[in-house]
Amino acid sequence: MKKVECIIRPSRIEELIVAVEKLGINGLNITQIAGYGKQKGATNIYRGVEYEVKLKEKLKVEIVVEEDKVEPLVDAILEAVRTDEVGDGKIFIYPIEETIRIRTGEKGVKAI
Ligand SMILES: Nc1ncnc2c1ncn2[C@@H]1O[C@H](COP(=O)(O)OP(=O)(O)OP(=O)(O)O)[C@@H](O)[C@H]1O
Ligand SMILES: [Mg+2]
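Let us look at the structure shown here. The structure displayed is predicted, hence computed values, not measured ones. (Residues numbered from 1 in each chain as written. Chains lettered and ligands numbered in written order. Predicted model: local features only at pLDDT ≥ 70, side-chain atom pairs only at ≥ 80, totals over all residues. Heavy atoms only, no water.)

Topic: the site of ligand 1
Argument step 1. Around ligand 1 sit 14 residues in total, of which Lys38, Gln39, Gly87, Gly89 and Lys90 are the nearest.
Argument step 2. At 3.2 Å, a backbone N or O of glycine 35 approaches an oxygen atom of ligand 1.
Argument step 3. Glycine 89 places a main-chain nitrogen or oxygen 2.7 Å from an oxygen atom of ligand 1.
Argument step 4. Isolated, ligand 1 exposes 610 Å² of accessible area, and the fraction of that covered by the protein chains is 71%.
Argument step 5. Where the shell around ligand 1 is concerned, the elements lending two or more residues are strand S2 (29–35) and strand S6 (90–95). (Near = heavy atom within 4 Å. Polar contact = N/O pair within 3.5 Å; in protein donor to acceptor, adjacent residues only side chain to side chain. Areas by Shrake-Rupley, 256 points an atom, 1.4 Å probe, with all protein chains shown as cover. Helix = DSSP H or I, 4+ residues; strand = E, 2+ residues; numbered from the N terminus.)

Side note on the sheet that holds strand S1 (residues 2–8)
Argument step 1. With antiparallel pairing, the four strands of this open sheet are ordered in space as S2-S5-S1-S6. Every other strand in the sheet has two partners, leaving S2 and S6 as the edge strands with one partner each. Ignoring strand direction, the axes of neighbouring strands in this sheet form an average angle of 25°.
Argument step 2. Bridging between S1 and S6 involves six bridges; their strand directions are antiparallel. Along S6, the bridge assignment pairs isoleucine 7 with lysine 90.
Argument step 3. Against the sheet, helix H1 (residues 13–22) engages S1, S2 and strand S5 (56–65), with an angle of about 5° to S5.
Argument step 4. Against the sheet, helix H2 (residues 70–81) engages S1, S5 and S6, with an angle of about 10° to S1. (Pairing = 2+ DSSP bridges. Axes fitted to C-alpha atoms, helices over the stretch in contact; angles between N-to-C directions. Contact = heavy atoms within 4.5 Å.)

This is how it looks when you write it as structure tokens:
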């Protein structure tokens, strides 16, 4: 199992959810976040030095899937959220040791 975590533009969340549903994935988690990437947003002048301090609002979407779904999920995310402009976001993939469905006690891929 892997966790596919993506940081996306809030405006792309509906497209992402449609893409995830099409893959038959059963759950996800969304968090509102703020952050910055390479361009760091707007610039401010402080003692003659340019400090770049602007944080951009993004959504963090976490989806735990079995190994076979990682590649199709990543492809689907790219297709759903890419605008080709800077700030499109990032995808991070983490190993997941275990998943347990609390209601039934099922474990592993059965619990996803
Ligand atoms: N290295 C990182 N670690 C954690 N979060 C990051 C990292 N880089 C970007 N993010 C998060 O992703 C959001 C979007 O980043 P962004 O798409 O601007 O990345 P980038 O590397 O600057 O790529 P691009 O050149 O396409 O803009 C940031 O606002 C931040 O929340
Ligand atoms: Mg950027």
